[in-house]
Amino acid sequence: GQQVMQIPQYQHVQEGEDFTTYCNSSTTLSNIQWYKQRPGGHPVFLIQLVKSGEVKKQKRLTFQFGEAKKNSSLHITATQTTDVGTYFCAGLYQTGANNLFFGTGTRLTVIP
Amino acid sequence: NAGVTQTPKFRILKIGQSMTLQCTQDMNHNYMYWYRQDPGMGLKLIYYSVGAGITDKGEVPNGYNVSRSTTEDFPLRLELAAPSQTSVYFCASSYPGQGLSGNTIYFGEGSWLTVV
């Protein structure tokens, strides 16, 4: 079945270190979205990638979509304590479909 | 705008009891969804609706029912609660378009449900 794998499951970093989480799908995605969920909170949309090889930046966050549209990554430069939370990727397999397949998330802990 | 509002925030149910999770949105979104999130896991789609009067099953619909009588409201019904339904439930909505393509999903704050 359609499934989006995400690694690592947990990541502890010292404040100021970089952080990367990866998503992989066995089949081609139409697009991929990234969400952040603070502890005890709800997922909040960060960004959507649609084009093959697309790279988007939001301040210290860099999002990439693979050339084959089967993988994606989120990289945070110089983490801050405000980056704490779980980052989810969510893939859409078909344009016009109504189900995003969420990865299991990467829980980021930033040690001050 | 309040966005997506869901109630209750917390609820403890006994096995076999029934309950309804309420969800309303004031953004005039046609698309609405119910997800569940088990501890340490991602979100799985239970049911969704593309407009009033239309509902469809998601990945994990068993044990749940929904209705969509208005654009604003999308309640989720648990008929015979089971321990496996202990989870956090998120209602969400998005603006109509090409399904989810290009459309942000807005989530409610979640409902923590425990079945004992």
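On a predicted model such as this, the values are computed, not experimentally measured, just so you know.

## Focus on the overall build of chain B
Okay, step 1: Of regular secondary structure, chain B possesses zero helices and eleven strands.
Okay, step 2: Put simply, chain B runs from its N terminus to its C terminus through helices and strands in the order β-β-β-β-β-β-β-β-β-β-β.
Okay, step 3: Taking 13 Å as the expected radius of gyration for a compact globule of 116 residues, we find that chain B reaches 13 Å, a close match to that expectation.
Okay, step 4: A burial count over chain B gives 47% of its 116 residues as buried.
Okay, step 5: When contacts within chain B are restricted to residue pairs at least 6 apart in sequence, those whose partners lie at least 24 apart make up 55%.
Okay, step 6: Carbon and sulfur atoms make up 51% of the accessible area of chain B, which totals about 5300 Å².

## Some points on the sheet that holds strand 7 (residues 61-65) of chain A
Residues and elements named next belong to chain A.
Okay, step 1: Spatial ordering of the open sheet is given by 1-3-8-7-6, a layout of five strands whose pairing is antiparallel. Edge positions in the sheet fall to strand 1 (4-7) and strand 6 (55-58), since each has one partner strand and no second. When strand polarity is set aside, the average angle formed by the axes of neighbouring strands in this sheet is 15°.
Okay, step 2: Bridge count for strand 3 (residues 19-25) against strand 8 (residues 71-76) is six bridges, and the pairing is antiparallel.

## Concerning the pairing of strand 3 (residues 19-25) of chain B
Residue and element names in this part refer to chain B.
Okay, step 1: Side-chain alternation along strand 3 places Met19, Leu21, Cys23 and Gln25 on a buried face and Thr20, Gln22 and Thr24 on a face that remains uncovered.
Okay, step 2: Where strand 3 lies against strand 8 (residues 76-78), three bridges are found, and the strand directions are antiparallel. Considered in strand 8, the bridge of threonine 20 is made with arginine 77.

## Focus on the state of the cysteines
Residue and element names in this part refer to chain A.
Okay, step 1: Within the structure shown, the criterion is met by two disulfides over all chains.
Okay, step 2: The disulfide that involves cysteine 23 links it to cysteine 89, with 1.6 Å between the sulfurs. On the sign convention where negative means left-handed, the S-S torsion of about -90° between cysteine 23 and cysteine 89 marks this disulfide as left-handed. Pair noted here: cysteine 23 is in strand 3 and cysteine 89 is in strand 9 (residues 85-92), with a separation of 66 residues, a long-range link. Each member of the pair, cysteine 23 together with cysteine 89, is buried.

## Describing the packing of aromatic side chains
Okay, step 1: Following the criterion strictly, the structure yields 14 aromatic pairs over all chains and no others.
Okay, step 2: On the basis of an interplanar angle of 55° and a centroid distance of 6.4 Å, the ring pair of tryptophan 34 of chain A and phenylalanine 63 of chain A is categorised as tilted. Separated by 29 residues along the polypeptide, tryptophan 34 of chain A in strand 4 (residues 31-37) and phenylalanine 63 of chain A in strand 7 bring together distant segments of the chain.
Okay, step 3: On the accessibility criterion, phenylalanine 63 of chain A (0% relative accessible area) is buried.
Okay, step 4: Aromatic pair phenylalanine 90 of chain B and phenylalanine 107 of chain B: ring centres 6.2 Å apart, planes at 90°, arrangement edge-to-face. Linking phenylalanine 90 of chain B in strand 9 (residues 87-94) with phenylalanine 107 of chain B in strand 10 (residues 106-107), this pair joins segments that are 17 residues apart in sequence. Grouping residues by exposure puts phenylalanine 90 of chain B and phenylalanine 107 of chain B together as buried.
Okay, step 5: An aromatic cluster is present here, built from Tyr35, Phe45, Phe88 and Phe102 of chain A together with Tyr33, Tyr35, Phe90 and Phe107 of chain B joined pairwise through their rings.
Okay, step 6: Cation over ring: arginine 68 of chain B sits above phenylalanine 74 of chain B, and NZ or CZ is 5.9 Å from the ring centre.

How each quantity is defined
Residues numbered from 1 in each chain as written. Chains lettered and ligands numbered in written order. Predicted model: local features only at pLDDT ≥ 70, side-chain atom pairs only at ≥ 80, totals over all residues. Heavy atoms only, no water. Helix = DSSP H or I, 4+ residues; strand = E, 2+ residues; numbered from the N terminus. Rg over C-alpha atoms; globule rule 2.2 N^0.38 Å. Buried < 20%, exposed > 50% of the residue type's maximum accessible area, 1.4 Å probe, protein only. Contact = heavy atoms within 4.5 Å. Areas by Shrake-Rupley, 256 points an atom, 1.4 Å probe, with all protein chains shown as cover. Pairing = 2+ DSSP bridges. Axes fitted to C-alpha atoms, helices over the stretch in contact; angles between N-to-C directions. Disulfide = S-S within 2.5 Å. Phe/Tyr/Trp six-rings, centres within 6.5 Å; stacked < 30°, edge-to-face > 60°. Lys NZ or Arg CZ within 6 Å of the ring centre and 35° of its normal.

None of the figures reported here should be taken as evidence of function without further support.
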